[in-house]
Structures are given as structure tokens and as C-alpha cells.
Amino acid sequence: MLSVESMEYNPKEIEPKWQKTWADAKAFEARDDSPKPKYYCLIEFPYPSGDGLHAGHVRSNTAMDVVARKRRAEGYEVLYPIGWDAFGLPTENYAIKTGKKPALVTKENTDTFRRQLQALGFSFDWSREVNTTDPSYYRWTQWIFLELHKAGLAYKAKMEINWCPKDKIGLANEEVVDGCCERCGTKVEKREKEQWMLAITKYADRLEKDLDTVDYLEKIKAQQRNWIGKSDGLLFSSPVKDTDIVIETFSAHFEAFCADTFVVIAPNHPLLPRLLDGVSNKEEILAEAKAITERRSAAGHAEIKEVEGVFTGRYIVDPVGNGELPIWIANYALAEYGTGIVKCSAHDERDFAFAKKYNIPLKPVLFPSLPEERTRVENREVCYSDMEQGILSEPADFAGKTAGQSRDAISAYAVEKGLAKKKITYKLRDWVFSRQRYWGEPIPMIHCEKCDWVPVPLTDLPVTLPDVENYQPTDTGESPLAAITEWVNTICPSCKGPARRETDTMPNWAGSSWYYLRYVDPKNDQVFCDPKKLAYWSGANEKLSTINYKLQNAGPVDWYNGGMEHTTLHLLYSRFWHKFLFDQGHVPTSEPYAKRTSHGLILADGGVKMSKSKGNVVNPDAIVLQFGADSLRVYEMFMGPFDQAIAWNTDGLVGARRFLERAWRAALRVDKEAEPSSALLVLANQTIEKVSHDIEELKMNTAVAALMILLRDIEKEERVALFPLETLIRLLAPFAPHIAEELWEKIGHSEPLYRSHWPKADSSKLELSLLTIAVQVNGKVRDTLSVPRTISEEEVRALALGRDSVKRWLEGKEPKKIVYVPGRLLSIVAE
């Protein structure tokens, strides 16, 4: 038995010791030429704010650290990298406010984050650290942009931008809240400006279809599909009465097309002025349409709370037989979706509400099966929109049939009759890529009056940001770079005449759309990534059997975890860039991430969102100082289901620390000569199986719970045997690596734990070989039998009836009834 040493469990000594050991040994640096199968774990690299890490970072990082450490122990060459998504408006705003340069602010913040992450013992490969603001990194971001431009996927278009008149800066849509600047609260104005766009819509179909080839959570796939918004429908053409205009309307739910009674057009539709020619109150209508557009824009991405509109005075002559239908301007019609013009009916909630508000006639043709509900629909009391189970009354060929079963037939019918054409549309719109700010990657384009837009020569990359004292916003809506004439004025690469640099910068989405590729080869100054290294880390035949791929064309990342707030735009943009690079032959797979999961938020005490203004943000520094990094890691994995929002509770942190202290004390009692009880031997093997399974399912809370149960039973043993204790330490290592390493060393291992193998359960020891069966006589337990697990009922009966204790209570009588509960109980009734 080990002697109890004077020192108690002291993470302040243990944790720095092992962090230095790992760093000195380069324990977690991944090899690009390893004979091992590869595994690439990825977290969303953090935005290094001045507030430092928060509890949410720790939750995601720890979970993937658990996976990474388990994979290494399973014999994989693991890449678990880290870096900084460091461009963006918050840093620029802070720099403007304080007078510090953004580059200095970024360095201070990344230094803080790095220190905090290292103090938490994450097994990152720090040799591959990247920073999106490093010119050696954004040189290749600019190179990808030029590749997109060369392929015709980057172009200029005149767009309205959100303009804050106080801060004098263009804002992205996500920086506008309730029509006001997120930073200062000033009402946002609209200004028209040419913007760089990326033609992501050309990839819409593949971005939607290829979700079937990756292992993403279904809710993540749903977010992607909803944003892409693929609609397979019909396109109807209709002449406008008393004009030479023919409008087209798209319908994704065309099954009830005979119910159409009016038409709505988007208030900012380019056709609207021409449509209103000859209408007496044209200017009044256009003014109202503009006001509706402004109110809609102010709402941002929020759902429309109330429908509103104005009548145009025009009608279509519906070729499908619905007569003359009035055309209304409506706030819920979107110019960028479909054709921006929609035929409307009683079978859409917003159409129904709009018609009720403006007294537009409705004509139901789709009904529920229950008579009383059908009557309510017939009376226009409710909107019925079940396009699966609803029963049609028109057209006559489909009367009495359900809409869902008839969809394909109705589509064929409308096309055959010449009423419509088949069409697929998408809600997805091209990516607005320009930002009118200083702190971002310069867009590597030059404008010349003679040559128009000319790419910066590759040999001149990177185009670096000028180091200037003044980067205040301008009054013109242009980037602050526009005022730096010595940087802006240049020579046209094509005609050698005078020219000007593009002064817009890229959004911070740019650097985060491909960072996972740079991790593979972060110091290469010849190409963005060595093809041989990328081939190794993208190996399609090296997947774990636990990952069920439909296709082996995803990678290099095997498992990517991040917040649900980034599973729409960031994920979509990076998938788009990756597919483009694949098409150009620069990467060997068409999808970047084989698996994508997400974690729930950590809320403050009381279940409210953490925020700096409320003073309820949990910073890990104080936690590590008081409880230790391992306690924090264990608590965040144990606090609740990983994919759900959980409120912070310091009492739970105390419990995690006590659990580790108990493990420490148990290890000091180890007796290498002791043999574990059969029950503990079985539990240890069951725990191996349970923890191994739960880690793969990200059920980290139940994995930790299983370790707690194993420790409880170890503590019950008079002599702590080696096997169950070693099992506990091995399984604890991914969650609490510092204490696990220390205990592994204390019980006599010269080789560090991070080099050991993941334990495997002995299938022969997953159940006890003997059963204990209670024997009742007339309802009272009179004996117990210790029998083999494989014993039959007949053998149990014979054994029990032959026992003296049972015979005594039977008093020579024959049993009237015997009931056997397999493996638990034999009940004998003698009376």
C-alpha cells in the first residue's frame, strides 16, 4: 500500500507541473507523416475579446479535448488545433474608443486567451496556432478571393447598406438591432453603395443536397436547409389587365391553386413603378410602398408581427380560371424570393390574415376530414393549410383526394394543361462581402478608369493594412481606408496608369471560412496548404466505425463542435468556400466537416443570459485559482446534457472538486496485492463500456456520473485493488488530465498516462458469473442461493427444495405453487 504523503490534493502545484511536462515533450503536436490513422478534432476558434474566456468556451473546448485525448489513446494521430478569429468590428470600436491601435488590442487579447487556455490544460497543438489578422494568414484569404474573382464568383453590385449617422460607419445586418445601430443605438439609415458580392447561389443546390453526405445533427441540417430555402414548385404566368405586362408568380404550395383570390407584390419590387403607370395615385402608392420597405428593413431578420399593404389598383387575368385578381403590395412579399410576386389564397396563414384585414374575398378548396372543422373552413373562420392531409374540392380531376398524395399529379396536370411550368427556387441570396471599415482584410482589387477592376498580382500579396494613427470613419459611407491617400493611390497592374485600391475590407466571416485548412500547414509561404499534408489529414479511408458516413468525401475535419448560433451562416459560408476549392482542385474532398455537433449555452445563476453589463459573466481565471482547472473541466461536463442550456451553479463546482479529492485519497490507499471483488471487477468493465460509449455521444454528464459510481464502490473496498483504480484513472484522464497524470505516476507508472492506451472492456466480465436468488416460503425469505448465471429454472427448484432450511418450513408438505422470477426470486407456497 502506498504511504500517505504529506501533501494533500493541490491543483496549484499539480496542474502547472503537467502543463510544463506536456509542453516540453511536445505531447500534443500532430505529425503529418504518421503511420497512424488520422483524426482531426476542431472547435470554432474564438474571437479574442477584451473580456477574456468565458464559461461557454470552456464547455466546448473541454468536450472536444475529451474526444481528442480519447482518440490519441485509441491509437490515432490527432490534430486538435487552436487559433484566433481576430478581425471584426468590436475590436475596431474598442480601438476607436480607447485610442489604441486594433493590432495592439488584438495582441493583448490573444495573449490573455492563450494564457487562459493553457491554464485549463487543453491538448491543443500550439505549434499550429493561426491568427486571421496575421498578414501571412490573410495573404491566403486574399488569394482565395482572387480565385473566386477569376472564376466569376466575385463581382460588384450596387446595394443598399445600413448606415449609422453617428458612428459614420456601414453596418452589417447582424449589427442592426430593431432598426438601430447595435453599438450606439442611433436609428440606421439606408445608403446605396457598390458592394463586392460572392455568388454563393451558384452552389445552392449542392449545398442543400450534400447535407445528405455528412454526419450533422438533424437540427443543424434543418437550419442549413431553411436558410438555403429550396422550393420545388410551379411558375404561373398571368397578364396584367389593361397593360402589356405579364407577371410571373412562384408557388411552392401549389396544390390548392384553385383557391387563389388575390396577388401580392414586394414593396421594393423593381417592376412596381411600371406596374403603376396610369394609376391615378401612383406617387401616393409608391410613397407608402417605400414606407413599408423601411419598416420591414428596420425589423431586420425578425418575423413580421403584423401584415400590412396597399392596393395597386391593378388586376391580373388569371389563366387558371380564378378570374380577375387584385394586386396588392404586402410587407411579407420578398423581392429576393421567387419572383417577388405571389398568388394568395385562404390556405396560407399570412394570406388569410391579409385578406381578413383588407376585406379581400377568400375561396377555400382544401378541407379537413372532420365535418365540424370543415364547416369552420367553409365559413372562413379559420385558415386551413394542411397540404398533406387536406382534402381537395378543386380542380375537379382531384376532388376528394388528399393534397399530399396528389402533389405530383397536380404538378403534371398544371404543366400538361399549359397553366404553369416547373421551377426550383431558393431563398439563399448572394453573400454581401464588403465592409466599410478599417479592421479587416483588404480586398485585393484595384480600380482603374481605363481597365475597370483589376486583381492585385499574386506576387504583391498580401495587401496589408496601413499602419496609421487615424482610422476614424468617414462622412461618405466609405471605409476609413478611403481617407489614407498614400495607401489608396497606386498603379494599375494592367495599363500601368494611375489607379486606386479597393478600400472596402472583407467581413470577419472570410478568415473563418477556411481556417481549418490552414491548421494543416500553417507556416507554408508557398501555398495555402501542402497537398500531401492535406491528403493525409483528408484521408477518406481512416474513419472510425462509430461515424456513419453515407459518402467518404468529407474532411479534413472529422468532428467539428461549436455553438448553434454559427450553424447557419458560418457553416454555410465555409462549406461554400470548400466546395469552390474542391472544384478548383485545391482540396481533395467536397465537404469540409464530416461531423458537426453543437453545445448549449451556459446561463448565469437564475437561468438568465450572461452579459458583461449585468456583471454575471463567469471568468475561468478565478475558478482555476480557487478550485483548479480539473474541477472546472469536470463540472462543465457534469453540469447537464451537453446540447442543452444549463444555468451556472457554484455548488456544483464544489461537488466536482470533492469528487477529485476522493479519487486522490482512494489512490493513496492502493494495495497492489489486493484482488477486487467480483462485483467491483464487473463494474469496472461496465464503466469502461459506458464511458467509451457516452463520450462518442457527447453524453459527458452521464460519463462523469459513471466515474462517480465506480469511485463510490472503490471506496467501499477495505483494500483498494489496482485494476479498478487504474480503470478509474484512465477513464478520468480526458476529463481531468492533470490529476489523472499525477495519480498514474503515484501508483508506480514510469510512462506518462498520455502515452497509454484507452482501456477495453473484458466482455467476459461485464456481468457477475454468479447470481444470488432469494427463496421464499409462504411469502417470507427463508434462504438464499448462490448459483451460476446459466442455471435453469428446474435446477433452481431442485436445489431450493433440497435445502434443509426450506424443508423445515415445508414440514413435509408438497408445495401447492412455485413461482420463479429469473435470476432473482423463487417463491414457494405450501398452504
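Keep in mind the model is a prediction, meaning the values are calculated, not measured. (Residues numbered from 1 in each chain as written. Predicted model: local features only at pLDDT ≥ 70, side-chain atom pairs only at ≥ 80, totals over all residues. Heavy atoms only, no water.)

### A closer look at unusual backbone geometry
Next, step 1: With an omega dihedral of 5°, the bond running from Leu461 to Pro462 counts as a cis peptide bond.
Next, step 2: Inspection of the secondary structure assignment puts Pro462 in the loop between strand S22 (452–455) and helix H13 (485–488).
Next, step 3: Backbone torsion omega between Gly555 and Pro556 reads 20°, so that peptide bond is classified as cis.
Next, step 4: Counting through the fold element by element, Pro556 comes out in strand S25 (residues 554–557).
Next, step 5: Residues other than glycine seldom take positive phi values, yet Lys26 does so here, at roughly 50°.
Next, step 6: Even without being a glycine, Glu811 presents a positive backbone phi close to 55°. (Helix = DSSP H or I, 4+ residues; strand = E, 2+ residues; numbered from the N terminus.)

### Some points on the nonpolar core
Next, step 1: Within the largest apolar cluster, 89 residues are counted, with the highest numbers of intra-cluster contacts made by Trp648, Val691, Met700 and Phe735.
Next, step 2: Met700 has contacts with Ala63, Val66, Val67, Met637, Asp694, Ile695 and Phe735, leaving out every residue within four places of it along the chain.
Next, step 3: The next biggest cluster of nonpolar side chains, apart from the first, holds 82 residues, and it includes Ala199, Tyr203, Val456 and Tyr593. (Core = buried A, V, L, I, M, F, W, Y, C linked by side-chain atoms within 4.5 Å. Buried < 20%, exposed > 50% of the residue type's maximum accessible area, 1.4 Å probe, protein only. Contact = heavy atoms within 4.5 Å.)

### Side note on the pattern of salt bridges
Next, step 1: A full pass over the atoms with the stated rule returns 56 salt bridges.
Next, step 2: As a salt-bridge pair, Arg596 and Glu44 come within 2.6 Å of each other at their nearest N and O atoms. Here Arg596 is found in strand S28 (residues 595–599), whereas its partner Glu44 is found in the loop between strand S1 (38–43) and helix H2 (55–73), with 552 residues between them in sequence.
Next, step 3: On the basis of relative accessible area, Glu44 is assigned to the buried category, the value being 17%.
Next, step 4: In this structure, the salt-bridge partner of Asp244 is Arg274, at a minimum N-O distance of 3.3 Å. One end of the pair, Asp244, is in the loop between strand S11 (231–239) and strand S12 (246–251); the other, Arg274, is in helix H8 (residues 272–275), and 30 residues separate them in sequence.
Next, step 5: What makes Asp244 exposed here is its relative accessible area of 66%.
Next, step 6: In the salt-bridge network here, residues are joined through shared partners; they are Asp32, Asp125, Arg128, Asp521 and Lys533. (Salt bridge = Lys/Arg side-chain N within 4 Å of Asp/Glu carboxyl O.)

### Focus on H2
Next, step 1: Counted at 1.5 Å a residue, the expected span for H2 with its 19 residues is 27 Å, and the 27 Å between its end C-alpha atoms agrees.
Next, step 2: Positive phi shows up at Gly75, right after H2, with a value of about 100°. (Expected span 1.5 Å × (residues − 1).)

### Here we look at the packing of H2 against helix H19 (residues 629–638)
Next, step 1: Running from N to C, H2 and H19 point in directions that differ by 95°, and their axes come no closer than 9 Å. Compared by their axis directions, H2 and H19 come out roughly perpendicular. Counted together, Ala55, Val58, Arg59, Thr62, Ala63, Asp65 and Arg69 of H2 and Leu632, Arg633, Glu636 and Met637 of H19 form the full contact between these two elements. (Axes fitted to C-alpha atoms, helices over the stretch in contact; angles between N-to-C directions. Parallel < 35°, antiparallel > 145°, perpendicular 65-115°, else oblique.)

### Description of the sheet that holds strand S34 (residues 825–829)
Next, step 1: Pairing within the open sheet is mixed, and its 4 strands lie in the order S32-S31-S34-S33. Edge positions in the sheet fall to strand S32 (780–788) and strand S33 (817–821), since each has one partner strand and no second. The average undirected angle you get between the axes of adjacent strands in this sheet is 20°.
Next, step 2: Relative to S32, strand S31 (residues 770–777) runs antiparallel, the two sharing 8 bridges. Bridged to Val775 within S32 is Asp783. (Pairing = 2+ DSSP bridges.)

### Details of helix H7 (residues 218–228)
Next, step 1: For H7, the full list of buried residues reads Ile220, Lys221, Gln224 and Ile228. Looking straight down H7, one finds its buried side chains confined to an arc of 100°; they lie on one side. Residues of H7 that are exposed and point more than 90 degrees away from the buried face comprise Glu218 and Asn226.
Next, step 2: Buried residues belonging to H7 abut helix H6 (204–209), strand S10 (215–216), helix H17 (569–583) and S28. (Arc of directions from axis to C-beta.)

### Describing the pairing of S12
Next, step 1: Judged from the 6 bridges that link them, S11 and S12 form a sheet pairing that is antiparallel. Paired with Ser238 across the strands is Ile247, a residue of S12.
Next, step 2: Between S11 and the antiparallel strand that follows it, S12, lie 6 residues; Asp242 among them carries a positive phi value of about 65°.

### Details of the environment of Leu481
Next, step 1: Take Leu481: it is sitting in the loop between S22 and H13.
Next, step 2: Its relative accessible area of 0% is what places Leu481 among the buried residues.
Next, step 3: Excluding anything up to four places from it in sequence, Leu481 contacts Tyr438, Leu465, Pro466, Trp487, Val488, Thr503 and Thr505.

### What about empty space enclosed by the protein?
Taking a probe equal in size to a water molecule and rolling it over the atoms shows the remaining empty space.
Next, step 1: All told, the structure shown has 1 cavity of 30 Å³ or more when counted by the stated rule.
Next, step 2: Of the pockets and cavities examined, the largest cavity occupies roughly 190 Å³.
Next, step 3: Forming the boundary of the largest cavity are 16 residues, of which Arg69, Ala73, Ala733, Leu753 and Tyr754 lie nearest the centre.
Next, step 4: Looking at the lining of the largest cavity, the elements that each hand over two or more residues are H2 and helix H24 (737–746).
Next, step 5: Here the lining of the largest cavity is composed, by residue class, of 10 nonpolar, 2 polar and 4 charged. (1 Å grid on protein atoms, 1.4 Å probe; cavity = no way out; pocket = protein on both sides within 12 Å on 5 of 7 lines; lining within 4 Å. Points joined across faces, edges and corners; volume = space filled by probe spheres on them. Nonpolar A, V, L, I, M, F, W, Y, C, P; charged D, E, K, R; others polar.)

### A short note on the sheet that holds strand S13 (residues 262–265)
Two modes of strand pairing occur in sheets, parallel and antiparallel, and in both the strands are linked by backbone hydrogen bonds.
Next, step 1: One open sheet holds the 4 strands; their spatial order is S14-S15-S13-S16, and the pairing between them is mixed. Looking at which strands have only one partner, the edges of the open sheet turn out to be strand S14 (309–318) and strand S16 (341–344). The sheet shows a mean angle of 30° between the axes of neighbouring strands, taken without regard to direction.
Next, step 2: In the packing of helix H10 (residues 349–357) onto the sheet, contacts are made with S13, S14, strand S15 (323–330) and S16, and the angle to S13 comes to roughly 105°.

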